[in-house]
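# Architecture and fold: a report
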Amino acid sequence: MPEQTHVLFVEDDDVIREATQLALERDGFAVTAMPDGLSGLEAFRSDRPDIALLDVMVPGLDGVSLCRRIRDESTVPVIMLSARADSIDVVLGLEAGADDYVTKPFDGAVLVARIRAVLRRFGHAGHADGPGTEAHSDGILAFGELEIDTEGMEVRRAGQPVALTPTEMRLLLEFSGAPGTVLSRDKLLERVWEYGWGGDTRVVDVHVQRLRQKIGQDRIETVRGFGYKLRA
């Protein structure tokens, strides 16, 4: 039998927590459910889950702060749960290092699909070399001082390792597969987040901002009205 995917679920509403835990377990996930941020952080450190689902508004340590604490220690995928799609908490959660968010109330099938989509980013293979890319036989793409090891899934800037989350790595691979080509936000949502419909482009914008901070502000260019492109 394959090993179960372990989900950490932090939610203070008893009904939502218990119902969601049962739904996830029916889909084959192992679930640790906690009612507040502090117990969630303790469970994360002791259990080392494969993915974390964090409600924004939980007592003790709110979901955004908990996400930051997790991100300080790990690149494990994080999905934020927010009661309002237009809430500033969505952006704050993404800026704290979350990979995606789901709006409450949510359909169980949608949540499972998002979880599986995020987890698939771990196993993403590299792209073929694009024009303007200096490609090496060992799977390394070079863009100036930026090097991307598409086989080892590692990134270096000026020889120093750059720590990326799986989503940031997936995003960078999309850009590096077509350097100099403008990729629209909708296309990136489809390719990186696997949205087959128009999703929230704030997810893309915040992740591009985070990626720029790590690989260099000038490496990814904004093309107003169209999207983003990687400078070759």
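Conventions we followed
- Residues numbered from 1 in each chain as written.
- Predicted model: local features only at pLDDT ≥ 70, side-chain atom pairs only at ≥ 80, totals over all residues.
- Heavy atoms only, no water.
- pLDDT = per-residue confidence, 0-100.
- Contact = heavy atoms within 4.5 Å.
- Helix = DSSP H or I, 4+ residues; strand = E, 2+ residues; numbered from the N terminus.
- Expected span 1.5 Å × (residues − 1).
- Buried < 20%, exposed > 50% of the residue type's maximum accessible area, 1.4 Å probe, protein only.
- Arc of directions from axis to C-beta.
- Polar contact = N/O pair within 3.5 Å; in protein donor to acceptor, adjacent residues only side chain to side chain.
- Pairing = 2+ DSSP bridges.
- Right-handed = clockwise from strand over helix to strand, strands pointing away.
- Core = buried A, V, L, I, M, F, W, Y, C linked by side-chain atoms within 4.5 Å.

## A short note on the confidence of the model for the chain
With 88% of its residues at a pLDDT of at least 70, the chain reaches an overall mean of 87. Taken as a whole, residues 124-137 scores under 50 in pLDDT and shows 29 contacts with residues more than four places along the chain or in a different chain.

## As for helix α1 (residues 14-26)
Along an α-helix, residues three or four positions apart point the same way, because every turn accommodates 3.6 residues. A rise of 1.5 Å per residue sets the reference length of α1, with its 13 residues, at 18 Å; its end C-alpha atoms lie 18 Å apart and thus fit the reference within 8%. Along α1, the residues that are buried comprise Arg 17, Thr 20 and Leu 24. Angularly, the buried residues of α1 cover 75 degrees about the axis, an arc narrow enough to put them on a single face. Facing away from the buried surface of α1 by more than 90 degrees, the exposed residues are Val 15 and Arg 26. Looking at the buried positions of α1, the neighbouring elements they touch are β1 (6-10), β2 (30-34), β3 (51-55) and α5 (108-120). For α1, the N-terminal capping position is held by Asp 13, with its side-chain oxygen 3.0 Å away from the main-chain nitrogen of Val 15. Immediately downstream of α1, the backbone of Gly 28 shows phi near 100 degrees, a positive value.

## As for the pairing of β1
For β1, the buried fraction is high: five of the five residues fall into the buried class. Side chains His 6, Leu 8 and Val 10 of β1 all project onto a buried face; the interleaved residues Val 7 and Phe 9 project onto the opposite face, where all are buried too. Note that β1 and β2 share five bridges and pair parallel. The residue of β2 that forms the bridge with Val 10 is Met 34. Handedness of the crossover is the feature at issue here: the chain leaves β1, passes through α1, returns alongside β2, and the resulting connection is right-handed.

## Details of the nonpolar core
Among the nonpolar cores identified, the biggest contains 50 residues, and Leu 54, Met 80, Ile 148 and Phe 175 are the most heavily contacted of them. Of the residues forming this core, the biggest block, six residues, is contributed by helix α8 (residues 202-215). When sequence neighbours within four positions are dropped, the list of residues in contact with Phe 175 reads Leu 183, Leu 188, Val 208, Leu 211, Ile 220, Tyr 228, Lys 229 and Leu 230. If you look at the next biggest cluster of nonpolar residues, it comprises 15 residues, including Ile 79, Val 102, Leu 111 and Ile 115.

## Let's talk about the pairing of strand β9 (residues 154-157)
The sheet contact formed by strand β8 (residues 146-149) and β9 spans four bridges and is antiparallel. By the bridge assignment, Asp 149 is partnered in β9 with Glu 154. Taking the residues between adjacent antiparallel strands as the criterion, β8 and β9 are bridged by four residues, where Met 153 takes a positive phi near 55 degrees. Pairing geometry for β9 and strand β10 (residues 160-162), over three bridges, is antiparallel. Bridge pairing in β10 places Arg 157 opposite Gln 160. Remark: two residues form the turn of the hairpin made by β9 and β10, two consecutive strands paired antiparallel; Ala 158 in that turn has positive phi of roughly 55 degrees.

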